[in-house]
Every structure is written in C-alpha cells, then in structure tokens.
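Examination of the molecular architecture
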Amino acid sequence: MLKKDFNADVIVIGAGHAGIEAALASARIGADTVVFTTNLDAVGNMPCNPSVGGSAKGHLVFEIDALGGEMGYAADKATLQSRTLNLGKGAAVHSKRTQADRDAYKRYMKRTLECEQNLRLIQGQVVDILTEGDEASLSVAGIITALGERWYAKKVVIATGTFLDSVIFVGDKSYSAGPDGMMPAEGLSDSLRRLGIELRRFKTGTPARVHRRSIDFSRLEVQSGEEVATPFSVRSDPARITHRAVDCHIVYTNRQTHRIITENLERSAMYSGNIVGTGPRYCPSIETKLVRFADKERHQLFVEPCGADTDEMYIQGFSTSMPTDVQYEMLRSLDGFENAEIMRYAYAIEYDSVDPTELLPTLEFKRIGGLYGAGQFNGTSGYEEAAAQGLVAGANAALAALGRDPLILPRATSYIGTLIDDLVTKGTNEPYRMMTSRSEYRLFLRQDNADVRLTEIGHRIGLISDERYSTFLEKRRLTEEEVSRIEKTNIPPSAEVNELLASFGSTPITTGAKLAELLRRPELSYDALAKIDKERPELSPAIRTTAEITVKYDGYIKRQLAEVERVSHLERMILPPDIDYFAITGLRLEAAEKLSAIRPASIGQASRISGVNPADISVLLIKLGIKH
C-alpha cells in the first residue's frame, strides 16, 4: 500500500501561482499528480499586491483561461475592483487589472486543488531530487521530503517561487524566511547544484501594510473602478464581477519623503551591500526610484485594500528594505498618513533561481529528462508570468508522462509563447516582466481574441471540455458572421446619418458607404454607429468587441498575419539536437558558442539568439541543405 501511495506520474513542488496551474493542468490532462507545499494555508498566496492582471499581464491571464487554466476564474471570483488600463491607446494594449480579495483568492484555489480528481495536495518540504541514469542520459526519478519520504514519479515540476534558500532583509537585519514569514525552502538548492544546475540570486520586495483606520482618505485622490467589467474568464458571469466593488486611492511622495529616504539611503539593505541579488527593473523599490529618477519631484503611490474582510491596506509603489523606524518616517510624511499604523513591515527577499536557457521550450531541463521549471524559479517576476509557465510546464509534464506530443506555443500564438521563447532563447539577467512591447505581434495578440488563438489548443490537449469548446465555436461563428455583415452592409446618405456623423466630428457622406468604412474612421465606434445600423443583431459584449476590432484594424491585422506566416516557416525548419556547431565552416565562433549553449529547436529560434546574426543563419541553412 505504501509503495502505491508514494508513486505518481507527476510531482509539483510548490503551490503558488505556478504550482497551482501546473498541478491542475497535469491532473486535468489525466496524469496522477501530487503537489507539495510547505504550508497548506498559503496555497495561492499573494505575498505582494493582491491584484491580478495589468499591462500585458492581463493578456497572460486571458490566455491562461483560454487554454483551460484557473487564474482568471479565481480572480473574477475574488474581484474587489476592475479596471481596464491604456484605454486611451490602441486596442492591442488594453489590459484588464483587478484588485483581488487575497483571502478569497487563496480559499478558492485551495478548494479547487482539493476537489480536483487525479490530484493530491500535501503539506511537506521537498529537499532533494532523485535521478537515474548516467551523466549522458540523466532523468528524474522522484523527490525526497524533509521527513525522509521518497516519492517516485515520472516527471517533476519545480515551482518554488521566491522560497529557494530565501532570505528576508529589513534594514541591517536579515534572516532565513520565505514571503509573509513562511519557512524558506532549504536543501533543494544544494540538490540542484549537485545535479549541475547553476543557480543565481534574484531579489524582489514588498511595501508595508497599513491599518485602514490610520489613513485620512479625505486627503487622497479616489480611484474608482469600471462600472461594467469584462471578466477574465469565459466561465464567469459579468454581472457578478463588480457586486462588491470598492474604491482605491492615490497619494504622492513629496520633498519630505524624498529627504527621509535620501538621508537614510545607506541604511537600506539594497544600498548597504547586504543584498547581492538582482532586483526587478520594472517594479523597483522606492529607494531605487529616487536614485534612478533623481529629477522627479514626486512619485505616484496606490492605496489598495488587501480584502473585503480585513483593514490591511497595500501601498503599491512604496516597496522598500529600509529599517522599521525609517519606514514609519517615510509613511508618515505622506499626505493623510501622518498617523499611519504599520501592520506588516516592508521587506526585500533574496532567493535562488535558474538560468532559463537551461530549459527547452516545453520548460523541461535539457540535461535532466523529466525535470521542469516554472515561475520565479525560472527568473520571472509576477503572479501572471508564473501561472502561465506553470500551465505549460504542468501540461507538458503530464503529456510526456502519458506518452503524448508536447505543448509548444510559438511566439506568434500568444504572450505565453513570447514569454517562454524570451526566457529559453535569450535568458534574463534580472526578474523578467511581461510587457506588450516584448511582442512583435501585439496587434494580433489581444485580450479579446485569446480564445480564438488558444482554446482549440486547450481542447486538443484535454484542458477544455467538449461543452466549453462547443460554446467557443458558436461564439467564433457569430463573430465571423458579424464581421461579414459589417463589411457588406451599405449605409445610404441621409439627414439622420450625417447628423450622427457630425455629432462625432466625422465627415458627412454624399453617397452610400459601407458600414465597415465608417467603423474604420478613428472618431467612430461600433456603439456610436448603432443608431444608423438598423439590422444590428443582439450580441454579447465580447462578440461586439472582437468584431469591431477585427473590422477597424483589418489592414493592420492582415499585414501582421502575413508577417506571422512569413516567419512561421523558419520555426518549421527543425535543427537536429546533436549538431556540432563548431565543426560548421563559416560559422563565427561567437555564434557557435551561443548555438551550442542554447541548442535551438529550429532555425526560427536560432535567429533570435543574441550573438547569432543573419549571416550565421545563412551558413546554417546552406550547411543543412535547407532552402530559405
């Protein structure tokens, strides 16, 4: 009996955002899955801001949902406030962000894991990776826990977040701990080093939590959410997203705040030399902001609730590793915070992560078969980046365990594909954050069409049910029909038509015009044209949005899709895994070194490696007898 209990197809180490998606994907595909976490009460914990989405991150959440993941649905259930960012810009960069109830999110995720078939959730610390085979063909065999249990598995996914040999820093004080006072993951780093895996130290941080009663909100700017919210998940009822909407607030640093920080800069763990890890460029501490942007007179901070049933307030943008006395001074220098009561002190945390170029596009280690990495362990920052990788790693672990083809998402399919390609091809020397600018296909990779791009893939691998897939097909059909109707509908000139056009500052028409031609005018929208579009059918907001964008940006989208097709053939040119690049005449030494290290799967991936230029690609094509 014990032998059976201590065996599984897939073991997932960690139940943060990466581990949750990895475990659920693995179990739902059909693999017998076990997920270990150091504390069952911390499943799905949000140790930093309890929010989901944001610029580009929102795209990831929509894509996770389109593939059959859980983050979007959980975020919808825990929403306190919903906003869509970048509405003043083009549709490609519109990004949903929600403020979430931290405890509600955790409760939902823990319950979801508990109820999932094929999944066992266990509190336990993993300290060692079991392997078999020699150095030339090493593969994973299981894990050992801190209690000495040996669990055997075909595949193992490491999703340890910021827990690996983690150290907390507050001023000149430091101690071994994970986020939120949890235990660190000790022992596993040494096991990975023994396997030849090189680890690096990265750093992140979080601001203080302040008691609501100690803030004078009358002196802060109010930041309200949107009245009508688009859910992250197609499974969610839009009407229930904002049923308990709350306001957030904005405050600004000032000269006094900056003076306090500057005078105590050497007391910050970041600037005292105590921290050696590299921090995130796009989510820096307030000390780093002052050093980097010394000419700025103030910095915007967001005051956001941690939940509906707690008085903890999160001060986004005020991350610091200052000692506690300085934290009080900093906070109390802000307008409305003169009597601030700190409930949790800010801290920086340093942890081990892996060089992601050691991984394949499936997120499996190149030199250790069956071992996968996901999330901050792979050098990323953010819940959304972690969850996206977790889904891919867990799905691939299960697919491999069951003898099925892998899930590989090319860059052109998704931000998830872009994220993973960037990591395994280019690597990262700092915590990686997804941004819309990282994708060359962002007009095609929008939030509104994530299902069109990915739901078929999710259905194929077993993460999308037949019922949900049928619903998706119907939505796609209705969208295509509406696009066709808009393209074909003719609007004759009339006083009513020209009066409406004039009201939006648009040029009147003297001859008939296609509805699509009017919709492509920048000043007009689908909703604005409703009064003169007499045959318009009743459609859901999601269908209307995608139809409008498809028509409005038709020429741009077609050009981008043509570029996708042009580049896709390079991805189909597969490179043998055992090429001796140093033996290829005409290939520069730097290129040979980079290609040997990364071992790209295709010509397309090879072309994106830093240090490999077009001439090197031409040499490869000639050597392999591939026609460009």
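See the structure printed just above.
Basis of the calculations
- Residues numbered from 1 in each chain as written.
- Predicted model: local features only at pLDDT ≥ 70, side-chain atom pairs only at ≥ 80, totals over all residues.
- Heavy atoms only, no water.
- Helix = DSSP H or I, 4+ residues; strand = E, 2+ residues; numbered from the N terminus.
- Expected span 1.5 Å × (residues − 1).
- Buried < 20%, exposed > 50% of the residue type's maximum accessible area, 1.4 Å probe, protein only.
- Pairing = 2+ DSSP bridges.
- Axes fitted to C-alpha atoms, helices over the stretch in contact; angles between N-to-C directions.
- Disulfide = S-S within 2.5 Å.
- Phe/Tyr/Trp six-rings, centres within 6.5 Å; stacked < 30°, edge-to-face > 60°.
- Lys NZ or Arg CZ within 6 Å of the ring centre and 35° of its normal.
- Contact = heavy atoms within 4.5 Å.

This part covers helix H10 (residues 383–401). For H10, with 19 residues, the first-to-last C-alpha span of 26 Å sits near the 27 Å given by 1.5 Å per residue. For H10, the buried fraction is high: 18 of the 19 residues fall into the buried class.

The next subject is the sheet that holds strand S19 (residues 347–354). Spatially, S11-S10-S19-S12 is the arrangement adopted by the four strands of the open sheet, whose pairing is antiparallel. Each having just a single partner strand, strand S11 (173–176) and strand S12 (199–206) make up the two edges of the open sheet. Looking at each pair of strands side by side, their axes are set apart by 25° on average, direction ignored. Where strand S10 (residues 167–170) and S19 come together, three bridges link them in antiparallel fashion. In the sheet register, Val-167 faces S19, and the bridge partner there is Glu-350.

Another aspect to go through is the state of the cysteines. All told, the structure shown has zero disulfides when counted by the stated rule. Free of any disulfide, Cys-248 has its nearest neighbouring cysteine sulfur in Cys-306, separated by 10 Å. With a relative accessible area of 0%, Cys-248 lands in the buried category. With no disulfide partner, Cys-306 has as its closest neighbouring cysteine sulfur the one in Cys-48, 10.0 Å distant. Residue Cys-306 is classed as buried on the basis of its relative accessible area, which comes to 4%.

With that out of the way, let us pick up the packing of aromatic side chains. Inspection of every chain in the model, using the stated rule, returns seven aromatic pairs. Between Phe-365 and Phe-377 the ring centres are 6.4 Å apart and the planes differ by 55°, which places this aromatic pair in the tilted class. Of this pair, Phe-365 sits in the loop between S19 and strand S20 (371–373) while Phe-377 sits in the loop between S20 and H10, placing them 12 residues apart in sequence. As far as the burial class goes, Phe-365 and Phe-377 line up, both buried. Pairwise contacts between aromatic rings join Phe-6, Phe-36 and Trp-151 into one cluster. In this arrangement the basic side chain of Arg-235 is found over the ring face of Tyr-73, its NZ or CZ atom lying 3.8 Å from the centre. For the cation-ring pair, Arg-536 lies above Tyr-526, with the distance from its terminal atom to the ring centre recorded as 3.6 Å.

Bringing the pairing of strand S7 (residues 126–132) into the picture now. Two elements, S7 and strand S8 (residues 139–145), share six bridges in a ladder whose sense is antiparallel. Note that in S8 the partner of Glu-132 across the bridge is Ser-139. Hairpin geometry of S7 and S8 is characterised by an intervening segment of six residues between the two adjacent antiparallel strands and by a positive phi of about 95° at Gly-133.

Once that is clear, we can look at the sheet that holds strand S5 (residues 95–100). On the basis of which strands lie adjacent, the open sheet formed by three strands has the order S3-S5-S4 and antiparallel pairing. Each end of this open sheet is capped by a strand with a single partner; those strands are strand S3 (51–53) and strand S4 (79–85). Looking at each pair of strands side by side, their axes are set apart by 20° on average, direction ignored. Pairing of S3 with S5 involves three bridges; the strand directions are antiparallel. Considered in S5, the bridge of Ser-51 is made with Gln-99.

By secondary structure assignment, the location of Phe-504 is in the loop between helix H14 (495–503) and strand S22 (513–514). Residue Phe-504 is classed as partly exposed on the basis of its relative accessible area, which comes to 38%. A C-alpha to C-alpha distance of 54 Å links Phe-504 and Tyr-271, two positions 233 residues apart in sequence.

Let us now look at the side chain of Thr-37. Mapping Thr-37 onto the fold places it in strand S2 (residues 33–37). Excluding residues that lie within four positions of it along the chain, Thr-37 makes contacts with Ala-15, Val-43, Leu-121, Ile-122, Gln-123 and Gly-124.

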